[in-house]
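Per-entry structural report
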Amino acid sequence: MLISIDKKETGKQIRRIMEETGYTCKDIQNYLSLSCVQTIYRWLDGTNLPTLDNLYALSKLMGKPLDAFVVGVYAPDYPSIHIKEKQIQFYYA
């Protein structure tokens, strides 16, 4: 199973946490020392994701665990992955 981050849903989740904790985009811009508030708007609309450093800082600022900000997507298994998993299991079994 492949796991990836859903940018749109992660942006919605960040927005929900911001609303819950009462922080504005400008507050976050100042806290993270970002030159442009547009960076945060790009996170919220799902265009970009925050860096791991920024996610960590957001988690500390808002008092939430790091994984509370990220929404994952599970993709179906692919045959090539099964082969690699079996090979790995063979080597480490």
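All of these numbers come straight from a predicted model, not from anything done at the bench.

Here we look at the nonpolar core
Formed by 16 residues in total, the largest nonpolar core has its most connected members in Ile28 and Met62. Elements with a minimum of two residues in this core: α1 (7–21), α2 (25–32), α3 (38–44) and α4 (52–62). For this core, the element with the highest residue contribution is α4, accounting for five residues. When neighbours within four sequence positions are excluded, isoleucine 28 is seen to be in contact with Met18, Tyr23, Ile40, Trp43, Leu58, Leu61 and Met62.

Notes on the UniProt feature "domain: HTH cro/C1-type" (unreviewed entry) in the chain
Taken from the UniProt record, the annotation "domain: HTH cro/C1-type" (unreviewed entry) applies to residues 37–69. Annotation note: span residues 37–69, helix share 55%, strand share 0%, distance between end C-alpha atoms 19 Å.

Notes on the packing of α2 against α4
Packing of α2 against α4 brings their axes to within 11 Å, and their N-to-C directions diverge by 115°. Between α2 and α4 lies a crossing of right-handed hand. Of the residues in α4, those in contact with Ile28, Tyr31 and Leu32 of α2 are Asn54, Ala57, Leu58, Lys60, Leu61 and Met62.

Digging into the pattern of salt bridges
It is possible for side chains of opposite charge to pair when their charged atoms get near one another. The final tally for this structure, using the stated rule, is two salt bridges. Salt-bridge contacts for lysine 64 lead to glutamate 20; the nearest nitrogen and oxygen are separated by 2.4 Å. Placement of lysine 64 in the loop between α4 and β2 (72–75) and of glutamate 20 in helix α1 is noted, with a sequence separation of 44 residues between them.

Procedures and definitions
- Residues numbered from 1 in each chain as written.
- Predicted model: local features only at pLDDT ≥ 70, side-chain atom pairs only at ≥ 80, totals over all residues.
- Heavy atoms only, no water.
- Core = buried A, V, L, I, M, F, W, Y, C linked by side-chain atoms within 4.5 Å.
- Buried < 20%, exposed > 50% of the residue type's maximum accessible area, 1.4 Å probe, protein only.
- Helix = DSSP H or I, 4+ residues; strand = E, 2+ residues; numbered from the N terminus.
- Contact = heavy atoms within 4.5 Å.
- UniProt positions renumbered as here; feature names shortened; annotations may be inferred.
- Axes fitted to C-alpha atoms, helices over the stretch in contact; angles between N-to-C directions.
- Left-handed = near helix turned anticlockwise from the far one by under 90°.
- Salt bridge = Lys/Arg side-chain N within 4 Å of Asp/Glu carboxyl O.

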